[in-house]
Amino acid sequence: MKLYRRFACVALALAAVVVVFGAYVRLSDAGLGCPDWPGCYSQPTPYHAATAIGDAHAADPHGPVSLPKAWKEMIHRYLAAGLGLLIVVLAMLAWRLRDARNAAGSTTLGSAAPGSTAPLAATLLVCVVVIQALLGKWTVTLLLKPAIVTGHLLGGLAVLALLTWIALRASGARRHAGGGLALAARLGFVLLIGQIALGGWTSTNYAALACTGFPACGRELWPVADYANAFHLVRDLGMTGDGELLPFEALVAIHWSHRVGAVLVGVYLFALGWRLVQHPAGAEPGRALLAALVLQIGLGIGNVLLSLPLPLAIAHNGGAALLVMAMVWVNYRFAAASTVGRDIRYRYALRQQGERA
């Protein structure tokens, strides 16, 4: 169990690094630093592909390929591959742990055993990693299509969320039957994912600077915008669904939708966090949620006012990851009553079994 817990914590830490470093690669325009996959010009490292990279850079000095960009892209791939291997090992450990419990007679305790769902969660995580790898491949081979890149971003956060849940489960973190708070937490998580998707869509369409003022967009509180072309999913970067250049008004629509969503979701999450800190069982995750929310709002405003400096833009992506982790913690703490009941019954059965021994 200790080994499983350690692997879960290490994988969670590495997933956070991969998410933030992936944002760095995307925001520094290094996503096509190696235009093939999984290698770089069919080589294992940019060092081995230096000649091909040099030729591509000489042909287009302002293009997407250069040696520094290639290293950024490949380091991200190496980190992601390492994370994938860790997750496979984690899944194997989860299944071995379940088999060991079964062999020791834990099955007499019923389905209440905490961690009995760990193999399923870890297996689901492996499936998500496979999908995420495919999205990473298509991000490169399909030349940064916004829908694919946004899906890749959400996939990375899905891996982070699942690992957070698994790490909490493995650590034996406290759970509480939350009733109405459980429902509110689930809704808050859904709203947060929607808002992050809007943020990813803003970033992958390079619409972060479409509105330069705050709180208004330029001088308008409700700017002229092209929402029809803004959210057409099946299209190339910078193009409409009909293959024409994407109008600036579409970028305004994308940016403004993200801002409006930030207000609505921010108000809901702030109210949820405030309610949590008033609850004896929710103080810790509630404070974590409020801190992450305030940080993320500040980073969002700073990116607009300071014209998207790279460190601040990367931090904004990291803030989204912190919010996801905080909301997973909230949802884990305020689990459904039936789940909490199984954990209580398991602890009670263990105590009785010890007394009989």
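Please read all numbers here as calculations on a predicted model, not as lab measurements.

Q: Sorry, what's going on with the packing of helix α1 (residues 2–27) against helix α10 (residues 310–333) here?
A: Relative placement of two packed helices is described by the angle separating their axes and the distance separating the axes. It is at 9 Å that the axes of α1 and α10 come closest, and there the two elements cross at 145 degrees. The two elements α1 and α10 meet at a crossing, and its hand is right-handed. Across from Leu12, Val19, Val20, Ala23, Tyr24, Arg26 and Leu27 in α1, the residues of α10 making contact are Leu310, Ala313, Ile314, Asn317, Gly318, Ala321 and Met325. Tallied by class, the residues present in the contact of α1 with α10 amount to 11 nonpolar, 2 polar and 1 charged.

Q: How should the layout of surface pockets be read in this particular structure?
A: Taking a probe equal in size to a water molecule and rolling it over the atoms shows the remaining empty space. In this model, the largest pocket occupies a volume close to 1100 Å³. Taken together, 47 residues form the lining of the largest pocket, with Gln195, His258, Ala262, Gly300 and His316 sitting closest to its centre. Of all elements in the fold, only α1, α5 (146–171), α6 (180–204), α8 (248–277), α9 (283–305) and α10 reach the threshold of two or more residues within the lining of the largest pocket. Residue contributions to the lining of the largest pocket peak at 11 residues, all from α8. Class assignment of the residues belonging to the lining of the largest pocket gives a composition of 31 nonpolar, 13 polar and 3 charged.

Q: Would you mind going over the packing of α8 against α9 with me for this structure?
A: With their axes 9 Å apart at the nearest point, α8 and α9 run at an angle of 155 degrees to one another. With respect to each other, α8 and α9 are oriented roughly antiparallel. Judged by the twist between their axes, the crossing of α8 over α9 is left-handed. Contacts between α8 and α9 involve His255, Arg259, Gly266, Leu269, Phe270, Leu272, Gly273, Trp274, Leu276 and Val277 from the former and Ala283, Gly286, Arg287, Leu289, Leu290, Leu293 and Val304 from the latter. Across the contact of α8 with α9, the residue classes break down as 11 nonpolar, 4 polar and 2 charged.

Q: I'm lost on the nonpolar core in this one. Help?
A: Soluble globular proteins: nonpolar side chains tend toward being buried together. Counting 56 residues, the largest nonpolar core has Tyr4, Leu83, Leu157, Val159, Leu163 and Leu272 as the members making the most contacts within it. For this core, the secondary structure elements donating two or more residues are α1, α3 (67–103), α4 (118–141), α5, α6, α8, α9 and α10. Among the elements that take part in this core, α5 stands out by supplying 10 residues, more than any other. By size, the runner-up hydrophobic cluster in this structure holds 13 residues, among which are Ala207, Cys211, Ala230 and Ala253.

Q: Explain the environment of Leu135 to me, please; I cannot follow it from the model alone.
A: As for its position among the elements, Leu135 is in helix α4. Expressed as a C-alpha distance, the spacing of Leu135 and Gly151, which sit 16 residues apart in the sequence, is 7.1 Å. When sequence neighbours within four positions are dropped, the list of residues in contact with Leu135 reads Ile148, Gly151 and His152.

Q: Where do I start with the packing of aromatic side chains in this structure?
A: The description of an aromatic ring pair rests on the distance of the ring centres and on the angle between the ring planes. Following the criterion strictly, the structure yields 4 aromatic pairs and no others. Between the aromatic rings of Trp165 and Tyr332, the centroid separation amounts to 5.1 Å while the plane-to-plane angle is 80 degrees, which identifies the pairing as edge-to-face. Residue Trp165 is located in helix α5, and its partner Tyr332 is located in helix α10; the two are separated by 167 residues in the primary sequence. You can call Tyr332 buried: its relative accessible area is 2%. Their ring planes at 90 degrees and their centres at 6.0 Å tell us that Trp222 and Trp256 sit as a pair that is edge-to-face. Within this pair, whereas Trp222 is found in the loop between α6 and α7 (227–230), its partner Trp256 is found in helix α8, the two being separated by 34 residues in sequence. With relative accessibility at 7%, the residue Trp256 sits in the buried group. The lysine or arginine in question, Arg175, covers the ring of Tyr332, its NZ or CZ lying 4.2 Å from the ring centre.

Q: Just checking my understanding: could you explain the pattern of salt bridges for this structure?
A: Between side chains of opposite charge, pairing is possible as soon as their charged atoms come close. Inspection of the entire model under this criterion finds 3 salt bridges. Here Arg77 ties to Glu73 by a salt bridge, and the two come within 2.9 Å at their closest N and O atoms. Of the two residues, Arg77 and Glu73 are both situated in helix α3; the distance of 4 residues between them amounts to about one turn of the helix. One exposure class covers both Arg77 and Glu73, and it is buried. Residues Lys145 and Asp236 are paired through a salt bridge, measuring 2.2 Å at the closest nitrogen-oxygen approach. Pair noted here: Lys145 is in the loop between α4 and α5 and Asp236 is in the loop between α7 and α8, with a separation of 91 residues, a long-range link.

Q: How do you make sense of α5 when you look at a structure like this?
A: Each full turn of the α-helix corresponds to 3.6 residues, which orients residues three or four apart in the same direction. In a regular helix each residue adds 1.5 Å, so 26 residues correspond to 38 Å; α5 covers 37 Å between its end C-alpha atoms and thus fits that length. After α5 finishes, the residue Gly172 shows a positive phi value of roughly 70 degrees.

Q: Looking at this structure, I do not really get the environment of Met1. What am I missing?
A: With respect to the helices, strands and loops of the structure, Met1 is situated in the segment before α1. Spatially, the C-alpha atom of Met1 lies 8.9 Å from that of Ala94, the residues being 93 residues apart in sequence.

Q: What's the story with the side chain of Ser203 in this structure? I'm lost.
A: With respect to the helices and strands, the residue Ser203 is situated in helix α6. For Ser203, the contacting residues outside a window of four places in its chain are Arg26 and Leu27.

The rules behind each value
- Residues numbered from 1 in each chain as written.
- Predicted model: local features only at pLDDT ≥ 70, side-chain atom pairs only at ≥ 80, totals over all residues.
- Heavy atoms only, no water.
- Axes fitted to C-alpha atoms, helices over the stretch in contact; angles between N-to-C directions.
- Helix = DSSP H or I, 4+ residues; strand = E, 2+ residues; numbered from the N terminus.
- Left-handed = near helix turned anticlockwise from the far one by under 90°.
- Contact = heavy atoms within 4.5 Å.
- Nonpolar A, V, L, I, M, F, W, Y, C, P; charged D, E, K, R; others polar.
- 1 Å grid on protein atoms, 1.4 Å probe; cavity = no way out; pocket = protein on both sides within 12 Å on 5 of 7 lines; lining within 4 Å.
- Points joined across faces, edges and corners; volume = space filled by probe spheres on them.
- Parallel < 35°, antiparallel > 145°, perpendicular 65-115°, else oblique.
- Core = buried A, V, L, I, M, F, W, Y, C linked by side-chain atoms within 4.5 Å.
- Buried < 20%, exposed > 50% of the residue type's maximum accessible area, 1.4 Å probe, protein only.
- Phe/Tyr/Trp six-rings, centres within 6.5 Å; stacked < 30°, edge-to-face > 60°.
- Lys NZ or Arg CZ within 6 Å of the ring centre and 35° of its normal.
- Salt bridge = Lys/Arg side-chain N within 4 Å of Asp/Glu carboxyl O.
- Expected span 1.5 Å × (residues − 1).

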